[in-house]
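A closer look at the structure
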Amino acid sequence: MQVNTESLRLINLYDTTPCALSVSGRFIHRIREITACNEDAFPAIFGLHHVKRRLVEVLATGSGVVIKGDFGVGKTHLCDAVFSVLRQYYLTHPVYTNAGCPVRENSIHLFNYIVKNGQSSLDNICPVCRHKYASLPAESVPIERVYITEGSGFARLQGNEDIEPQIILGMYHLIRFAEIGDPFDPRVLEGGKIAHASGGVLFVDELGLMNNEAQYALIQALQERRFTPSNSRMTFPIDLLFVSTTNNTNDLRIHKAVANRLVGIPIERVGFEDEVRIVKKEIAQNGFLSVIFPELFLEFIVSTIRTLNNIAVYLGPRSSIRAALIASTSTLVEGRATVSYCDVKEGLHTEIIGQGDEETFDEIYEMLSKDFPSIAEFISQRVPNIENAFAFVDNFKNAETAFSSINGRLMDEIMASLTEPDRRPETIKAYLDAYAVNVHMEPLC
């Protein structure tokens, strides 16, 4: 039977297979659909396989999570990925809500109450819908399909000390009520972040930075799946996934009553290869596809950041990304197509020095002069014949003539050590130039 979705009524749920799953049930249902196709539920998140599995398992139980880790390890990306998965469910599986419901509750509750006389469903109907629809016949109750977007099924809260509870809980405006006279008017009941997230995901970034009063405002929602707006006597049922993050340094600032209602999932820094993949993705997403970035230079950036991390300053994956982006920009500014070692060094030094402060500058400069890795050693470890090629080229005064004169066997040996994208003449020249910087100790950068 064809149903006009623009004029749906509650009675039309008879003609469909209404979704009776909770939000956590919808989430795991979509995860299972994805894995059944041998696809990755979080394709944009490289590595972290155990973390992703635990995240899915906890959210599937309906429990909230707090992802713990250092800066830049992917905590926020994981939380955003949860919303992406759930949003796909709503695109492929119809879910209906009562028209005008402030918390997008599933129409199945009102249907069960009115049509099936299920008295227990009354507790799952929000006060507004109870007031507007509970006494009407199912033929008169308008419903609409739910799609979740920012502000309607997804709400993000950036943790800080200034957040007030009403931002989370919403507000019942007594003055507006006195003026309007209708306690259920949307202008009287102003939804907060919890209401905005109902039916989807509430994401709190850096939970530990919120003051205690704001953290307390989350407890009722986390424990009872209900919330009471400030100044209101009405309690609203909600259904959502709660995901949050905290930096390791702020973990202890999460109130114990809140932490007790969450499952903590620690996240470590991804491995070297996955960090390289992350940097490649960020370069592409930032519009640098026209720049040729030799892979060994990219690996050198990641390796250097990881090597120098915590010697004088914290350097996380974001540092690898920014150093690579600065190197790419340096290439474009000079009108070249291929990233050089000088661009790489510019990116690394700019990023590392930029992470310091007045107290650490001297230590950072000492680290860069004493502990900065050798590009010649890095390249020779990956391209063993680079030394022979360099010795050959070094006998020529003209670099172009030298390069074109390298015998085929030596060039084949070099190319065999490189990946396909790196087997370009301009890339090999860039490696030879970088090798020369360290061998001749030339101040080229």
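Residues numbered from 1 in each chain as written. Predicted model: local features only at pLDDT ≥ 70, side-chain atom pairs only at ≥ 80, totals over all residues. Heavy atoms only, no water.

Some points on empty space enclosed by the protein
Where empty space is left in the structure can be found by rolling a water-sized probe over the atoms. Under the defined criterion, the tally for this structure stands at 1 cavity of 30 Å³ or more. What the largest cavity holds in volume is close to 30 Å³. Taken together, Arg26, Tyr90, Val95, Tyr96, Arg104, Glu105, Asn106, Val146 and Gly199 make up the lining of the largest cavity. Within the lining of the largest cavity, the residues separate by chemical class into 4 nonpolar, 2 polar and 3 charged. (1 Å grid on protein atoms, 1.4 Å probe; cavity = no way out; pocket = protein on both sides within 12 Å on 5 of 7 lines; lining within 4 Å. Points joined across faces, edges and corners; volume = space filled by probe spheres on them. Nonpolar A, V, L, I, M, F, W, Y, C, P; charged D, E, K, R; others polar.)

Some details on helix α2 (residues 49-60)
Taking 1.5 Å as the rise per residue, α2 with 12 residues should run 16 Å; its terminal C-alpha atoms sit 17 Å apart, in good agreement. Buried residues of α2: Val51, Lys52, Leu55, Val56, Val58 and Leu59, and no others. The inward-facing, buried residues of α2 contact α1 (23-36), β1 (64-69), α3 (75-92), β11 (241-247) and β12 (262-266). Directly beyond the C-terminal end of α2, a positive phi value near 95 degrees is found at Gly62. (Helix = DSSP H or I, 4+ residues; strand = E, 2+ residues; numbered from the N terminus. Expected span 1.5 Å × (residues − 1). Buried < 20%, exposed > 50% of the residue type's maximum accessible area, 1.4 Å probe, protein only. Contact = heavy atoms within 4.5 Å.)

Quick word on the packing of aromatic side chains
This model, assessed by the stated rule, comprises 9 aromatic pairs. Here Tyr14 and Phe111 contribute two aromatic rings whose centre-to-centre distance is 5.3 Å and whose plane-to-plane angle is 85 degrees, an arrangement assigned as edge-to-face. In this pair, Tyr14 sits in the segment before α1 while Phe111 sits in helix α4 (residues 107-114), placing the two residues 97 residues apart along the sequence. Under the relative-accessibility criterion, Tyr14 is labelled exposed at 52%. An aromatic cluster of at least three residues, connected via ring pairs, comprises Phe300, Tyr341, Phe372 and Phe378. Against the face of Phe378 rests Arg382, its NZ or CZ located 3.6 Å from the ring centre. (Phe/Tyr/Trp six-rings, centres within 6.5 Å; stacked < 30°, edge-to-face > 60°. Lys NZ or Arg CZ within 6 Å of the ring centre and 35° of its normal.)

Description of unusual backbone geometry
Located in the positive-phi region is Asn117, a residue other than glycine, with phi close to 55 degrees. Turning to its location among the elements, Asn117 is positioned in the loop between α4 and α5 (127-133). One non-glycine residue, Asn231, adopts positive backbone phi at about 70 degrees. On the secondary structure map, Asn231 appears in the loop between β9 (226-227) and β10 (236-237).

Remarks on the nonpolar core
Grouped together as the largest cluster of nonpolar side chains are 85 residues, with contacts concentrated most on Phe27, Phe293, Phe297, Val344 and Ile379. Take this core: its biggest share by element is 9 residues, from α3. Setting aside anything within four residues of it in sequence, one finds Phe293 in contact with Ile283, Leu298, Ile301, Ala324, Ala327, Ser328, Val339 and Val344. Ranked by size, the runner-up nonpolar core spans 52 residues in total, among them Ile125, Ala155, Tyr172 and Ala221. (Core = buried A, V, L, I, M, F, W, Y, C linked by side-chain atoms within 4.5 Å.)

Points about the packing of helix α12 (residues 272-285) against helix α14 (residues 317-333)
Where α12 contacts α14, the two axes come as close as 9 Å, and the packing angle between them is 45 degrees. Relative to α14, the element α12 is oriented oblique. Here α12 runs over α14; the crossing is right-handed. Touching Glu275, Ile278, Val279, Glu282 and Ile283 of α12 are Pro317, Ser320, Ile321, Ala324, Leu325 and Ser328, all from α14. Of the residues contributing to the contact of α12 with α14, the split by class is 7 nonpolar, 2 polar and 2 charged. (Axes fitted to C-alpha atoms, helices over the stretch in contact; angles between N-to-C directions. Parallel < 35°, antiparallel > 145°, perpendicular 65-115°, else oblique. Left-handed = near helix turned anticlockwise from the far one by under 90°.)

Here we look at the environment of Asn250
The topology assignment puts Asn250 in the loop between β11 and α11 (256-259). Here Asn250 falls in the buried class, since its relative accessible area comes to 12%. Through-space distance from the C-alpha of Asn250 to that of Gly69 is 9.9 Å; in sequence the pair is 181 residues apart. Apart from the residues within four sequence positions on either side, Asn250 is in contact with Glu206, Gly208 and Leu209.

Description of the pattern of salt bridges
For the structure on display, the rule yields 16 salt bridges. In this structure, Glu275 engages Arg269 in a salt bridge whose closest nitrogen and oxygen atoms are separated by 2.9 Å. Here Arg423 makes a salt bridge to Glu420, at a shortest N to O gap of 3.2 Å. Taking the relative accessible area as the measure of exposure, Arg423 reaches 34% and is therefore partly exposed. Each of Arg269, Glu275 and Arg306 takes part in salt bridges that share partners, so that together they form one network. (Salt bridge = Lys/Arg side-chain N within 4 Å of Asp/Glu carboxyl O.)

Remarks on the side chain of Arg26
Mapped onto the elements of the fold, Arg26 is located in helix α1. Notably, Arg26 is buried but unbridged: the nearest opposite-charge side chain belongs to Asp239, and the N-O separation is 4.8 Å. Separated by 3.0 Å, the side chain of Arg26 and the backbone oxygen of Leu21 make a polar contact. When residues no more than four places from it in sequence are discounted, the contact partners of Arg26 are Cys19, Leu21, Leu86, Tyr89, Tyr90, Val95, Asn106 and Gly199. (Lys, Arg positive; Asp, Glu negative; His and termini not counted. Polar contact = N/O pair within 3.5 Å; in protein donor to acceptor, adjacent residues only side chain to side chain.)

Structural notes on the sheet that holds strand β4 (residues 149-150)
The strands that make up a sheet are held in pairs by hydrogen bonds between backbone atoms, and each pair lies either parallel or antiparallel. The strand order β4-β5-β8-β11-β1-β12 describes an open sheet built from 6 strands, whose pairing is parallel. Only two strands of the sheet have a single partner each, and these edge strands are β4 and β12. Sheet topology places β4 next to strand β5 (residues 153-158); 2 bridges connect them, and they run parallel. Counted as the bridge partner of Glu150 is Phe154 from β5. Strand contacts of α2: β1, β11 and β12, with the helix running at about 175 degrees to β12, the strand carrying the most contacts. α3 rests against β1, β4, β5, β8 (201-205) and β11 of the sheet, and its axis sits at about 170 degrees to β11. (Pairing = 2+ DSSP bridges.)

Let's talk about the packing of helix α13 (residues 295-308) against α14
Relative to each other, α13 and α14 sit at 140 degrees, their axes nearing to 9 Å. Compared by their axis directions, α13 and α14 come out oblique. Taken as a pair, α13 and α14 cross one another with a handedness that is right-handed. For the pair formed by α13 and α14, the contact residues are Leu298, Ile301, Val302 and Ile305 on the first element and Ser319, Ser320, Ala323 and Ala324 on the second.

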